[in-house]
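Topology and contacts: notes
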Amino acid sequence: MLIGNVGRDPEVRYLEGQGAQGATKVATFTLATTERFKDRAGELRENTEWHNIVAWRNSADVAEKYIRKGTQLYVEGKLRTRSWTDASGVKKFTTEIVVDTLQLLGKKEDNPGVGAAPIASAPAAPAAPRQAAPAAAPSYSQPAGFQPRQAPATAPAAAPAAAMDDAGDDLPF
C-alpha cells in the first residue's frame, strides 16, 4: 500500500491480444513516496523513494484518463521483480508494483486529469470501494464475503406465573 505523487504522465501501451479478446492495455508511471522524520539532532529530514507502477486493463483505463504528473494516489498492489539482459550483455533487474487497486486522492482541482474520482480494481481481484486513507491512519476493510455475527434472537423472558396472579398489584407495568 502506497500513498504518493505521480512523477510523470502515464505511458500507455497496447499489447496484441489472443483471438477475439483484442489488445490489452497497460500503463506505466512512477510514484514518489516521502517519509519525513527527525534525526538525532532534532532536524527534520525527508527520504523520497521512487516506485515503478504498472497498471493493467481497467486500472490502465483510469490511469490514461485521470492520472497526470503531480496527481496524489493511493495504490495497492503486488511487488514484481523482473530481469533481462541488455544489448551489451549485462543482466539488469527492476522491481515494480503491479496495481490491484488505485484511488485518486486530494481535491479535484489539485488533480489535473480529474473529472470524477473513480476507483479501479483489477478484474482478477474485485474490491469494495475504499475511502481515501490518510497517511497517518490507514483504514482496513473486511475481506470479501465477510458477514458480521448477529446476536441470536431471544424470546422475551416470561413473567413468573405468581406475579401475574397478584390481583392486589394495580401497577400498569
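Everything that follows concerns the structure shown earlier in this document.
Nothing here was measured: the structure is a model prediction, and the numbers come from that model.

Attention shifts here to the side chain of His 51. Take His 51: it is sitting in strand 4 (residues 44–56). Of the polar contacts made by the side chain of His 51, one reaches the side chain of Thr 33; its length is 2.8 Å. Setting aside chain neighbours within four positions, we find His 51 in contact with Leu 2, Phe 29, Thr 30, Leu 31, Thr 33 and Ile 97.

A positive phi angle, close to 50°, is found at Arg 57, a residue other than glycine. Within the element layout of this structure, Arg 57 appears in helix 1 (residues 57–66).

Residues Phe 29, Leu 31, Ile 53, Ile 67, Leu 73 and Val 75 are the most contacted members of the largest nonpolar core, which totals 17 residues. Those elements giving two or more residues to this core turn out to be strand 1 (2–6), strand 3 (24–38), strand 4, helix 1, strand 5 (72–85) and strand 6 (91–104). It is strand 6 that provides the largest number of residues to this core, a total of four residues. Beyond its immediate chain neighbours, meaning those up to four positions away, Leu 31 contacts Leu 2, Gly 4, Asn 5, Val 6, Glu 49, Trp 50, His 51, Ile 53, Leu 73 and Val 75.

Right, let's talk about the side chain of Thr 24 for a bit. Assignment of secondary structure puts Thr 24 in strand 3. A residue is classified by how much of its surface remains accessible, and Thr 24, at 18% relative accessible area, is buried. Apart from the residues lying within four places of it in its own chain, the contact partners of Thr 24 are Arg 13, Tyr 14, Leu 15, Trp 56 and Arg 57.

Counted under the stated rule, the structure contains eight salt bridges. Note that Asp 39 is salt-bridged to Arg 45, the shortest N-O span being 3.0 Å. The partly exposed category is assigned to Asp 39, whose relative accessible area is 22%. On the basis of relative accessible area, Arg 45 is assigned to the partly exposed category, the value being 39%. In this structure, Asp 86 engages Lys 92 in a salt bridge whose closest nitrogen and oxygen atoms are separated by 3.9 Å. Note on Lys 92: relative accessible area 35%, which makes it partly exposed. What you see here is one network of salt bridges that share partners, running through Lys 25, Asp 61 and Glu 64.

The rules behind each value
- Residues numbered from 1 in each chain as written.
- Predicted model: local features only at pLDDT ≥ 70, side-chain atom pairs only at ≥ 80, totals over all residues.
- Heavy atoms only, no water.
- Helix = DSSP H or I, 4+ residues; strand = E, 2+ residues; numbered from the N terminus.
- Polar contact = N/O pair within 3.5 Å; in protein donor to acceptor, adjacent residues only side chain to side chain.
- Contact = heavy atoms within 4.5 Å.
- Core = buried A, V, L, I, M, F, W, Y, C linked by side-chain atoms within 4.5 Å.
- Buried < 20%, exposed > 50% of the residue type's maximum accessible area, 1.4 Å probe, protein only.
- Salt bridge = Lys/Arg side-chain N within 4 Å of Asp/Glu carboxyl O.

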